[in-house]
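One-letter residues, chain by chain:
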Amino acid sequence: RMSRHAQQLRDHDTNPCVAETDASRKCMDDNNYKKDMCTDYFLKYKSCRKFWHDIMMQRKRNGVKPEMPTAEERKKILESIG
């Protein structure tokens, strides 16, 4: 059974970077944990985290709840910026 924290990390509504996390982990598995082979995946993950963190902080400042947009809302945000 997954811990509560592990479940939150897998929840697309609270973690906008599930796909990037999975891709990084798969790259590490596929490349015998040689980090230098997965730099692109790590950068994508880091960019994802920064992008959504900035949006979350903006929403927090503006009093918008929930602070992290839901998966559906995030999809619309990404479509609007092309």
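Structure: see above.
First things first, this report covers the structure right here in the doc. Because the structure is a prediction, the values reported are computed rather than measured.

**What about the nonpolar core?**
Listed in full, the five residues of the largest apolar core are Cys17, Cys48, Trp52, Ile55 and Met68. Every residue in contact with Ile55, bar those within four places of it in the chain, is listed here: Pro69 and Ile77.

**Observations regarding a nonpolar patch on the surface**
On the surface, a cluster of nonpolar side chains totalling about 270 Å² of accessible area is made up of Phe51, Leu78 and Ile81. Within the element layout of this structure, Ile81 appears in helix H4 (residues 71-81).

**What about the packing of helix H3 (residues 39-61) against H4?**
It is the contact of H3 with H4, at a shortest axis distance of 13 Å, that shows an interaxial angle of 105°. The angle between H3 and H4 places the two elements in the roughly perpendicular class. Between H3 and H4, the contacting residues are Phe51, Trp52, Ile55 and Arg59 on the first element and Glu73, Arg74, Ile77, Leu78 and Ile81 on the second. Class assignment of the residues belonging to the contact of H3 with H4 gives a composition of six nonpolar, no polar and three charged.

**Regarding unusual backbone geometry**
The omega angle of the peptide bond from Lys65 to Pro66 is -10°, so this bond is cis rather than trans. In this structure, Tyr33 takes a positive phi of about 60° despite not being glycine. With respect to the helices and strands, Tyr33 occurs in the loop between helix H2 (18-30) and H3.

Calculation criteria
- Throughout, a residue's number is its position along its own chain's written sequence, starting from 1.
- In keeping with the predicted nature of the model, local features appear solely for residues at pLDDT of at least 70, side-chain atom pairs appear and are counted solely at 80 or more, and the whole-chain, interface and lining totals rest on all residues.
- Hydrogens are left out, water is left out, and the side-chain values use all remaining heavy atoms of the structure.
- As used in this record, nonpolar core signifies buried Ala, Val, Leu, Ile, Met, Phe, Trp, Tyr and Cys residues forming a set joined through side-chain atoms within 4.5 Å.
- Exposure classes here rest on a 1.4 Å probe applied to the protein chains alone. A residue is buried below 20% of its type maximum, exposed above 50%, and partly exposed in between.
- Contacts between residues were defined by any pair of non-hydrogen atoms, one from each residue, lying within 4.5 Å.
- Every patch collects residues that have over 30% relative accessible area and no salt bridge, joining them within 9 Å if they carry like charges and within 5 Å if they are nonpolar side chains (Val, Leu, Ile, Met, Phe, Trp, Tyr).
- Calculation of accessible area relied on Shrake-Rupley with a 1.4 Å probe; when residues are assessed, cover is drawn exclusively from the protein chains displayed.
- Whenever a carboxyl oxygen of Asp or Glu lies within 4 Å of a side-chain nitrogen of Lys or Arg, that contact is scored as a salt bridge.
- Numbering of helices and strands runs from the N terminus, with a helix taken as a DSSP run of H or I at least four residues long and a strand as a DSSP run of E at least two residues long.
- Axes here mean lines fitted to C-alpha atoms, for a helix over just the part in contact, with angles spanning 0 to 180 degrees between N-to-C directions.
- Under this scheme an angle from 65 to 115 degrees is roughly perpendicular, one under 35 degrees roughly parallel, and one over 145 degrees roughly antiparallel; angles in between are oblique.
- For this classification, Asp, Glu, Lys and Arg are treated as charged, while Ala, Val, Leu, Ile, Met, Phe, Trp, Tyr, Cys and Pro are nonpolar and the rest, including Gly, are polar.

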